[in-house]
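So the chains spell out like this:
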Amino acid sequence: MKSTRPTLDEAIRSFTGGAAVREARVKFEISPLVENGNAVPVTVEVDSPMTAADHVRRIALFNEKNPQADVAVFHLGPRSGRARVATRIRLAASQTVVALAETSDGAFWSAQAKVIVTLAACIEDISQQ
Amino acid sequence: MIRALVNVPKTARRGEIIEVRAMIQHVMETGYREGPNGVTIPRNIINRFVCKYAGEEIFSAELFPAISANPYMAFSTVATGSGTLTFEWTDDQGETQSTSAEIAVT
Amino acid sequence: MLRLALLGALVVAAVGAVADIAPKDRRSGFEFISPQTQAMQSDETSNPGMLWVADGERLWGESRGSAGKSCASCHDDAVDSMRGVAARYPAFDEETKRPIDLMSRIDQCRAKRQGAPSLTQQSDELLALTAYVAYQSRNMPIAPPDDPRLQPFRDNGRDWFNRRLGQLQLSCASCHDERWGARLGGSVIPQGHPTGYPLYRLEWQSVGSLQRRLRGCLVGVRAQPFDFGAPEFVDIELFLMERARGLPMETPAVRP
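Residues numbered from 1 in each chain as written. Chains lettered and ligands numbered in written order. Predicted model: local features only at pLDDT ≥ 70, side-chain atom pairs only at ≥ 80, totals over all residues.

## Structural notes on the overall build of chain A
A count of helices and strands for chain A gives 1 helix and 9 strands. Along chain A, helices and strands appear, N-terminal first, in the series α-β-β-β-β-β-β-β-β-β. For chain A, with 129 residues in total, the buried portion stands at 43%. Sequence-distant contacts, at least 24 apart, represent 66% of the contacts inside chain A between residues at least 6 apart. (Helix = DSSP H or I, 4+ residues; strand = E, 2+ residues; numbered from the N terminus. Buried ≥ 20, exposed ≤ 12 C-beta atoms within 10 Å, placed from the backbone. Contact = placed C-beta atoms within 7 Å.)

## Let's talk about the overall build of chain B
Each helix and strand counted, chain B has 0 helices and 8 strands in total. C-alpha extents for chain B along the principal axes are approximately 60 × 20 × 20 Å. For chain B, the residues scored as buried account for 36% of the 106 residues in total. Intrachain contacts of chain B at a sequence separation of at least 6 include 57% that bridge at least 24 residues.

## Brief notes about the interface of chain A and chain B
Contacts between chain A and chain B engage 26 residues on the former and 22 residues on the latter. Counting residues per element, the ones that place at least two in the side of chain A that touches chain B are β6 (70-75) and β7 (83-89) of chain A. For the side of chain A that touches chain B, the residue count by class is 11 nonpolar, 9 polar and 6 charged. Pairing between β6(A) and strand β5 (residues 56-63) of chain B: 4 bridges, direction antiparallel. Following the sheet pairing, Phe74(A) is matched in β5(B) by Ala61(B). (Nonpolar A, V, L, I, M, F, W, Y, C, P; charged D, E, K, R; others polar. Pairing = 2+ DSSP bridges.)

## Details of the interface of chain C and chain B
Contacts between the two partners involve 8 residues from chain C and, on the opposite side, 9 residues from chain B. Looking at side-chain class alone, the side of chain C that touches chain B contains 4 nonpolar, 3 polar and 1 charged residues.

## Let's talk about the pairing of strand β8 (residues 95-103) of chain A
Look at any regular strand and the pattern is simple: side chains alternate between the two faces of the sheet. Residue and element names in this part refer to chain A. In this sheet, β8 lies alongside strand β5 (residues 56-63) in antiparallel orientation, the contact comprising 7 bridges. Residue pairing across strands places Val56 opposite Thr103, the latter belonging to β8. In sequence, β8 turns back onto strand β9 (residues 108-117) through a hairpin of 4 residues, with Gly106 there showing a positive phi of about 85°.

## Notes on the packing of helix α3 (residues 49-60) of chain C against helix α7 (residues 124-135) of chain C
Residues and elements named next belong to chain C. The contact between α3 and α7 brings their axes to 7 Å, and the two run at 95°. As far as their axial angle goes, α7 and α3 are roughly perpendicular. The residues of α7 that touch α3, namely those facing Gly49, Trp52, Val53, Asp55, Gly56, Glu57, Leu59 and Trp60, are Glu125, Leu127, Ala128, Leu129, Ala131, Tyr132 and Tyr135. When its residues are assigned to classes, the contact of α3 with α7 shows 10 nonpolar, 2 polar and 3 charged. (Axes fitted to C-alpha atoms, helices over the stretch in contact; angles between N-to-C directions. Parallel < 35°, antiparallel > 145°, perpendicular 65-115°, else oblique.)

## Comments concerning the nonpolar core
With 113 residues, the main nonpolar core has Ile59(A), Leu61(A), Ala131(C) and Val133(C) as its most contacted residues. A per-element tally of this core places α7(C) first, with 9 residues. Excluding its chain neighbours within four sequence positions, the residues that come into contact with Ile59(A) are Val44(A), Val46(A), Phe74(A), Leu76(A), Val85(A), Ala99(A) and Ala101(A). (Core = buried A, V, L, I, M, F, W, Y, C linked by C-beta atoms within 7 Å.)

## Concerning the sheet that holds strand β7 (residues 254-255) of chain C
Residue and element names in this part refer to chain C. A sheet is described by the order of its strands in space; here 3 strands give the open sequence β6-β5-β7, paired in mixed fashion. Single-partner strands in this sheet number two, and they are β6 (206-208) and β7. Strand direction decides the pairing type here: strand β5 (residues 199-201) and β6, joined by 3 bridges, are antiparallel. What sits directly across from Arg201, in β6, is Ser206.

## Digging into the packing of helix α6 (residues 102-114) of chain C against α7(C)
All names here are of chain C. Running from N to C, α6 and α7 cross one another at 115°; their axes reach a closest spacing of 10 Å. Classed by the angle they form, the pair α6 and α7 counts as roughly perpendicular. Relative to α7, α6 is oriented so that their crossing is right-handed. Contacts between α6 and α7 pair Leu102, Met103, Ile106 and Asp107 from the former with Leu126, Leu129, Thr130, Val133 and Ala134 from the latter. The residue makeup of the contact of α6 with α7, split by class, is 7 nonpolar, 1 polar and 1 charged. (Left-handed = near helix turned anticlockwise from the far one by under 90°.)

So, in structure tokens, the structure goes:
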């Protein structure tokens with residue numbers, strides 16, 4: 001499935017506007033081995049006091065090999081109390097997934113994970129449903 | 001007819017950080033799948049989710065086709081006072097679905 | 001004549017029992033899935049199957065059909081009236097003199113007593129109602145009825161379980177009796193117990209029935225799958241529930 005989707009780096013740059021990204025402060029929980037790519041649980045937590053003066057503004061997820069790089073952008077703020085978000089995502093194939101955080105001082109932080117996606121042994125024929 | 005499950009603690013202490021969960025039934029059709037006869041099934045997803053607490057937005061999300069069907073999200077907020085949390089999902093056609101839950105804060 | 005028939009039944013049962021997985025070795029498919037998928041099932045606030053259960057709860061109280069009745073009109077609160085029911089289905093149906101599965105039983109009730117149109121096994125409404133009813137048996141042990149009238153149908157189900165089918169000439173037993181715990185592709189082969197139906201399958205991205213899963217398996221061995229509602233499916237389910245006796249119900253289960 002070849003397409004002209006942005007690379008992971010390009011996707012990250014579109015989010016950060018080219019600003020420097022530090023691989024720190026972001027804890028990215030995603031299983032390294034996934035038995036079905038349709039619903040992969042992920043949790044992103046960012047080390048932050050979440051005060052009005054110092055908090056996480058956005059958390060974004062990007063992928064390397066799906067038809068589209070974007071996964072989600074979450075908007076947080078001081079009322080969040082904790083910078084922690086969980087969801088379930090789709091991964092089309094084994095690939096790298098990136099979690100990015102933007103803090104209120106305009107800085108960017110990230111964590112990466114490499115995920116192996118196995119498929120069900122007998123994939124159901126869509127016409128047989 | 002909304003088919004959603006939200007989970008908010010019934011009570012909390014003022015200042016306590018509580019976890020909120022929201023899940024809605026939706027196929028989240030990616031727009032990249034082929035149906036029988038090779039015809040692409042058109043994209044149809046929920047692309048935005050907003051949670052408000054006593055009328056003020058406390059969390060929102062921009063969602064893309066890579067979010068799983070029947071989208072689930074868990075996030076946190078500070079229990080500031082008794083009131084209503086509202087949950088609103090918007091799809092590609094601009095249609096919204098919403099539900100709410102009450103919290104008592106002491 | 002009756003004594004001979006009883007002896008025959010005992011012989012068949014004895015022969016069958018040799019092939020069945022011993023009760024102490026019976027393990028639910030839950031034990032063969034990843035910890036993440038297990039967590040998805042165990043946590044009812046994030047189990048996607050609960051969306052159908054919640055929908056079923058709503059439908060339980062809604063009037064349907066020409067009789068203007070809801071399920072609740074006759075069955076009151078499902079939490080009481082439906083407790084344990086799914087754990088002892090399929091059951092013998094007096095009308096058809098055959099076993100009937102839970103989904104069909106609910107649909108039969110809708111059509112006959114509510115005057116509502118019949119629904120297919122793929123319909124979200126019927127899946128939701130069935131999931132809600134079966135949810136009332138969650139964590140209860142599977143306890144098939146000891147009704148002797150069911151035995152010939154159970155035996156037929158057992159025969160199908162052991163029969164090699166399709167271009168790949170595999171029987172259910174080939175994988176689920178002889179090779180459970182081994183791998184097929186990247187997946188671990190479970191024992192094939194229907195403990196959590198209707199269940200949310202990640203592959204389907206939706207809740208589906210046991211019959212849907214069995215059709216998937218038949219296509220997998222390149223056999224012509226039975227149609228939804230085929231009596232073979234009910235007989236197979238009847239046998240599978242006996243084979244799973246004692247395992248706790250898990251509806252709505254989550255599986256890859």
